[in-house]
Amino acid sequence: MRYWLLKSEPSTFSIDDLAASPHATTSWDGVRNYQARNMLRDQMKKGDLAFFYHSSCDEPGIVGIVEVVKEGYPDHTAFERGSRYYDPDSDPAAPRWYMVDVKLKRRLARTITLAELRRHAKELAGLPLLQKGNRLSVMPVDPSHWKLILSLEHAAR
DNA sequence: GCCAACGTTGGC
DNA sequence: GCCAACGTTGGC
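Presented here is an overview of the structure given in this document. (Residues numbered from 1 in each chain as written. Chains lettered and ligands numbered in written order. Predicted model: local features only at pLDDT ≥ 70, side-chain atom pairs only at ≥ 80, totals over all residues. Heavy atoms only, no water.)

All right, on to the protein's contact with DNA strand B then. Around DNA strand B, the surrounding shell consists of Tyr 34, Lys 132, Gly 133 and Arg 135. Between DNA strand B and the protein, one listed contact pairs a phosphate oxygen with a side-chain N or O atom of Lys 132 at 2.9 Å. Arg 135 is positioned with one of its side-chain polar atoms (N or O) 2.3 Å from a base oxygen of DNA strand B. (Near = heavy atom within 4 Å. Polar contact = N/O pair within 3.5 Å; in protein donor to acceptor, adjacent residues only side chain to side chain.)

Inspection of the entire model under this criterion finds 7 salt bridges. The shortest N-O distance in the salt bridge between Arg 110 and Glu 116 comes to 2.9 Å. In this structure, Arg 110 and Glu 116 share a single accessibility class: buried. (Salt bridge = Lys/Arg side-chain N within 4 Å of Asp/Glu carboxyl O. Buried < 20%, exposed > 50% of the residue type's maximum accessible area, 1.4 Å probe, protein only.)

As a matter of local geometry, DNA strand C sits amid Lys 7, Tyr 53, Ser 55, Ser 56, Pro 60, Leu 114, Arg 118 and Arg 135. Within the side chain of Lys 7, one N or O atom sits 2.8 Å away from a phosphate oxygen of DNA strand C. Interatomic distance of 2.8 Å between a backbone N/O atom of Ser 56 and a phosphate oxygen of DNA strand C. Within the surface near DNA strand C, the residues separate by chemical class into 3 nonpolar, 2 polar and 3 charged. (Nonpolar A, V, L, I, M, F, W, Y, C, P; charged D, E, K, R; others polar.)

Note that all results are geometric; they support no functional claim without further evidence.
Encoded structure:
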């Protein structure tokens, strides 16, 4: 079992949106980066857990935990003319982009902010989120990092 | 709104 | 294959 972190802009799709989705489940569509695609397609397995991270907002940080409930399959939004994720170069016979389905496990008791994570940069060394210039929207999280981050949830700030 | 950092594109 | 130009991400 592996751990991950998934970024989403709350103005586009927030944890509230996920909670309001049927079965609190959504397809993680619209990823258009090859490195992230490879992880979605090849590495994320049913039962894996991921932090749900809000980016590009007032308080960037981790707000919940989701579980992978369906493994990588073609992202059909790439074939849909008019979709904001349409990619004319993705051939349905050889799909370029992939997605997984995730289900909300729970919200965190509070947002664990990026600023707070940075304060633990030493323990979280190697976490791509904290690396300069990192823009990956899907990234692996070491089990030790996962544990440390979760321990912050109920700790004094 | 600014801008640094990055990935992708396309000319050569 | 190189690399400049461009578009995007995302924190601040």
